[in-house]
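# Chains, contacts and geometry: an overview
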Amino acid sequence: MFSKFERLTAWRYLRAKRKEGFISVITGFAFTGIALGVATLIIVMSVMNGFKAELLNRILGINGHISIVAAPEFPFNNYQKATGQIQGIEGVDLVVPMIEKQLLISSAHGAEGAMVRGIRSEDILKKKVMRDGFSRIDLDGYTEDVVVLGEKLAHKLGVYINDEITLISPNGKVTAFGSVPRIKSYRVIGMFNMGMYEYDANYVFMPLEAAQKYFGLKNAVSVIDVSLKDENKLAQTRSLIEKSVGLDAYVYDWKQTNSAFFNAIDVERNVMFLILMLIILVAAFNIITGLIMLVKDKSRDVAVLRTMGASRGMIMRIFFMDGAFIGIVGTLIGVGLGLLFCHNIESIRQFLQSISGRELFSSEIYFLSQLPAKVDNSEVAIVVVLTLLLSCLATLYPAYRASKFDPAEALRYE
């Protein structure tokens with residue numbers, strides 16, 4: 001496509017002489033701008049993808065894809081039969097009966113509102129995220145009158161293993177003098193760490209039987225969590241579950257429960273993509289500026305080449321190669337820097353934190369304890385294609401202008 005003469009000439013023009021230093025500086029800015037723009041775009045998109053994927057994995061690792069919630073006055077009294085029926089529905093992987101209520105937790109050092117989840121120990125072990133979170137806890141002692149707190153919640157309450165906490169529920173027994181709150185003390189046998197602040201700072205786990213006794217539900221549960229084998233069949237499986245439970249309960253899926261949050265992430269991700277593409281666009285304009293100045297500086301050389309028989313197409317291809325080289329090499333270096341940063345992002349974060357002495361990724365704000373990054377090859381390909389397209393388009397006008405030089409006019413004024 002390009003002759004050897006065109007390639008050698010284009011390469012010679014890229015190597016700036018002393019008098020062409022300013023042109024070289026502009027070219028360097030364009031090259032650096034493209035590399036940094038591509039790297040930044042890949043890093044930001046990967047972090048957004050990783051944040052969304054990790055958050056989703058944590059949520060679905062603790063909760064199911066579908067939650068069946070009983071009406072307060074009509075709990076699931078025969079939940080063993082209900083879970084058996086749901087387990088038989090096509091596409092269902094795991095069914096977990098549990099009790100989930102909000103109440104107040106009191107200790108010797110303070111009080112906090114929290115969510116109590118009554119769940120069986122065997123169900124905890126069925127989910128990897130929960131199993132890992134409970135890895136330091138001896139579940140053999142997970143029996144009546146004990147609780148497991150999230151590490152952050154335990155820290156706020158100032159409690160340790162074998163300390164006692166008091167659960168206070170406003171929905172207590174109804175007497176002739178009004179409603180009396182339920183109050184009962186439990187021993188803390190351990191602290192879990194799910195790696196997600198919302199759960200580590202707000203949840204308390206207790207045996208299902210203990211929760212049934214505390215809330216006066218006898219042999220009933222308030223929630224049945226359903227995990228699916230294939231997330232893509234969510235709508236189909238949910239429809240089957242709704243037909244199975246009828247009007248006796250409310251059926252929610254994870255998209256409904258977290259729709260506002262994940263929609264916000266998607267909007268932010270798309271806006272960041274558009275904003276960061278402006279960096280690459282600015283770098284493309286720098287290519288135009290640098291090439292126009294290079295064409296102006298090489299006008300006499302172009303005139304000589306034209307008089308020696310070089311065609312307009314050859315001149316245009318020479319300057320096109322100069323601009324394309326900047327775009328291609330800048331893009332490749334940007335991709336390399338971006339991928340290298342993404343694969344070491346947590347180490348880089350820890351290093352920057354140690355230097356600055358400040359927390360750069362607070363789990364209280366971002367919900368996760370580590371900075372995640374997930375590289376999407378298709379997105380990297382889109383970034384590369386768009387960058388190369390902008391770089392090549394930026395070279396067309398300067399290259400066309402160089403090809404339109406009149407040799408006689410150029411030599412006359414030299």
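Residues numbered from 1 in each chain as written. Predicted model: local features only at pLDDT ≥ 70, side-chain atom pairs only at ≥ 80, totals over all residues. Heavy atoms only, no water.

### Looking at the overall build of the chain
Heads up, the condition is: Under the scheme used here, helices are H or I runs from DSSP no shorter than 4 residues and strands are E runs no shorter than 2 residues, and both carry numbers assigned from the N terminus. In this scheme, a residue with accessible area under 20% of its type's maximum is buried, one over 50% is exposed, and one in between is partly exposed, where area comes from a 1.4 Å probe on protein chains only. Here a residue-residue contact requires only that any non-hydrogen atoms of the pair lie within 4.5 Å. Method for areas: the Shrake-Rupley scheme with a 1.4 Å probe, in which residue coverage is limited to the protein chains shown.
Looking only at helices and strands, one finds 16 helices and nine strands in the chain. Taking all 414 residues of the chain together, the buried fraction comes to 45%. Long-range pairs, those at least 24 residues apart, make up 79% of the contacts in the chain between residues at least 6 apart in sequence. Surface accessibility of the chain: about 21800 Å² in total, with carbon and sulfur atoms responsible for 58%.

### Quick look at the packing of helix 12 (residues 312-343) against helix 15 (residues 377-403)
Note the following rule: In this analysis an axis means a line fitted to C-alpha atoms, helices contributing only their contacting stretch, and an angle means the value between N-to-C directions, from 0 to 180 degrees. Angles below 35 degrees are treated as roughly parallel, those above 145 as roughly antiparallel, those between 65 and 115 as roughly perpendicular, and all remaining angles as oblique. Working rule for handedness: look at the near helix, and if it is turned counterclockwise from the far one by less than a right angle, call the crossing left-handed; if clockwise, right-handed.
In the contact formed by helix 12 and helix 15, the axes pass within 8 Å of each other and the chain directions differ by 155 degrees. Between helix 12 and helix 15, the angle is such that the two are roughly antiparallel. Seen from above, helix 12 lies across helix 15 with right-handed handedness. Contacts between helix 12 and helix 15 pair Arg312, Ile315, Met316, Phe319, Phe320, Gly323, Ala324, Gly327, Ile328, Thr331 and Val335 from the former with Val380, Val384, Thr387, Leu388, Ser391, Cys392, Thr395, Leu396, Ala399, Tyr400, Ala402 and Ser403 from the latter.

### As for the environment of phenylalanine 205
Take phenylalanine 205: it is sitting in strand 7 (residues 203-206). Separated by 105 residues in the primary sequence, phenylalanine 205 and glutamate 100 place their C-alpha atoms 9.4 Å from one another. Beyond its immediate stretch of four places on either side in the chain, phenylalanine 205 contacts Arg117, Ile119, Met130, Phe134, Tyr142, Val147, Val148, Phe192 and Met194.

### A few points about the pairing of strand 4 (residues 146-150)
How we decide: Strand pairing is assigned whenever DSSP detects at least two bridges linking the two strands.
A large share of strand 4 lies buried, amounting to five of its five residues. In terms of strand pairing, strand 4 meets strand 7 through two bridges, oriented antiparallel. Looking at the pairing, valine 148 lines up with phenylalanine 205 of strand 7.

### Structural notes on a nonpolar patch on the surface
What counts here: The patches reported here contain residues having more than 30% relative accessible area and no salt bridge. Joining distances are 9 Å for like charges and 5 Å for nonpolar side chains (Val, Leu, Ile, Met, Phe, Trp, Tyr). By convention in these notes, a salt bridge is any Lys or Arg side-chain nitrogen within 4 Å of a carboxyl oxygen on Asp or Glu.
Nonpolar side chains collect at one region of the surface, where Val267, Val271 and Ile275 lie side by side and expose about 250 Å² of accessible area between them. One can find isoleucine 275 in helix 10 (residues 254-297). Overall, isoleucine 275 belongs to the partly exposed group, its relative accessible area being 44%.

### Side note on helix 15
Keep this limit in mind: Given a helix with a known number of residues, its expected span is that number minus one, times 1.5 Å. Bend angle per residue: angle between axes fitted to the 7 residues ending at that residue and the 7 residues starting there.
The end-to-end C-alpha separation of helix 15 is 38 Å, in line with the 39 Å expected for 27 residues at 1.5 Å each. The axis of helix 15 is deflected most strongly, by about 25 degrees, at leucine 396, and proline proline 398 appears within four residues downstream. All of the buried residues along helix 15 are Glu379, Val380, Val383, Thr387, Ser391, Ala394, Thr395, Pro398, Ala399, Ala402 and Ser403.

### Re the side chain of aspartate 225
Keep this limit in mind: N or O atoms within 3.5 Å of each other form a polar contact, as long as, within protein, one can give a hydrogen and the other can take it, and as long as residues adjacent in sequence are counted only when both atoms are side-chain atoms.
Here aspartate 225 shows up in strand 8 (residues 223-228). Side chain to side chain, aspartate 225 and serine 67 meet in a polar contact 2.8 Å long. Non-local contacts of aspartate 225, meaning those with residues more than four positions away in its chain, are made with Ile62, Asn63, Gly64, Ile66, Ser67, Leu94, Val95, Val96, Met98 and Lys127.

### Considering the environment of valine 95
Looking at the element boundaries, valine 95 is found in strand 2 (residues 92-107). The spacing of valine 95 and isoleucine 66 is 29 residues in sequence and 9.6 Å in space, taken between C-alpha atoms. Leave out the neighbours within four places in its chain, and valine 95 touches Thr83, Ile86, Gln87, Ile224 and Asp225.

### Here's the deal with the pattern of salt bridges
If you walk through the whole model with that rule in mind, you get 11 salt bridges. For aspartate 132, the salt bridge goes to lysine 128, with nearest N and O atoms at 2.7 Å. Residue aspartate 132 and its partner lysine 128 are both found in helix 5 (residues 128-133); the two are separated by four residues, about one turn of the helix. On the basis of relative accessible area, lysine 128 is assigned to the exposed category, the value being 54%. Here glutamate 242 and arginine 238 are joined by a salt bridge, their closest N and O atoms 3.0 Å apart. In this pair, glutamate 242 and arginine 238 are both assigned in helix 9 (residues 234-245), four residues apart and thus about one turn of the helix distant. Overlapping salt bridges bring together Arg120, Glu122, Asp123 and Lys126 as one network.

### A few points about the packing of aromatic side chains
The following threshold applies: Ring pairs shown here join Phe, Tyr and Trp side chains whose ring centres sit within 6.5 Å, with only the six-membered ring taken for Trp; geometry is labelled stacked below 30 degrees between planes, edge-to-face above 60, and tilted in between. Cation placement over rings: the criterion is NZ of Lys or CZ of Arg within 6 Å of the ring centroid and within 35° of the ring normal.
Summed over the entire model, instances satisfying the criterion amount to seven aromatic pairs. An angle of 15 degrees between the planes, with centres 5.4 Å apart, marks the rings of phenylalanine 134 and phenylalanine 192 as stacked. Linking phenylalanine 134 in the loop between helix 5 and strand 4 with phenylalanine 192 in strand 6 (residues 178-192), this pair joins segments that are 58 residues apart in sequence. When the ring of tyrosine 199 is compared with that of tyrosine 203, the centres are 4.8 Å apart and the planes differ by 40 degrees; the resulting orientation is tilted. The exposure class assigned to tyrosine 199 is buried, which follows from its relative accessible area of 5%. Pairwise contacts between aromatic rings join Phe134, Phe192, Tyr199, Tyr203 and Phe205 into one cluster. Over the ring of tyrosine 186 we find lysine 184; its NZ or CZ atom is 5.7 Å from the centre of that ring.

### Here's the deal with the pairing of strand 7
Here strand 7 shows two buried faces, one formed by Tyr203 and Phe205 and the other by Val204 and Met206. Bridge count for strand 3 (residues 110-118) against strand 7 is four bridges, and the pairing is parallel. Bridge pairing links arginine 117 to phenylalanine 205 in strand 7.

### Remarks on the side chain of arginine 238
For arginine 238, a relative accessible area of 15% corresponds to the buried category. Within the structure, the side chain of arginine 238 is placed 2.6 Å from the side chain of glutamine 256, a separation counted as a polar contact. Those residues in contact with arginine 238 that sit more than four places away from it in its chain are Ile66, Val251, Asp253 and Gln256.

### Here we look at the nonpolar core
We apply this condition: Each nonpolar core is a collection of buried residues, namely Ala, Val, Leu, Ile, Met, Phe, Trp, Tyr and Cys, held together in the definition by side-chain atoms within 4.5 Å.
In terms of nonpolar packing, the biggest core is built from 108 residues, with Ile68, Leu149 and Phe205 touching the most fellow members. By residue number, the principal contributor to this core is helix 2 (residues 21-62), which donates 16 residues.

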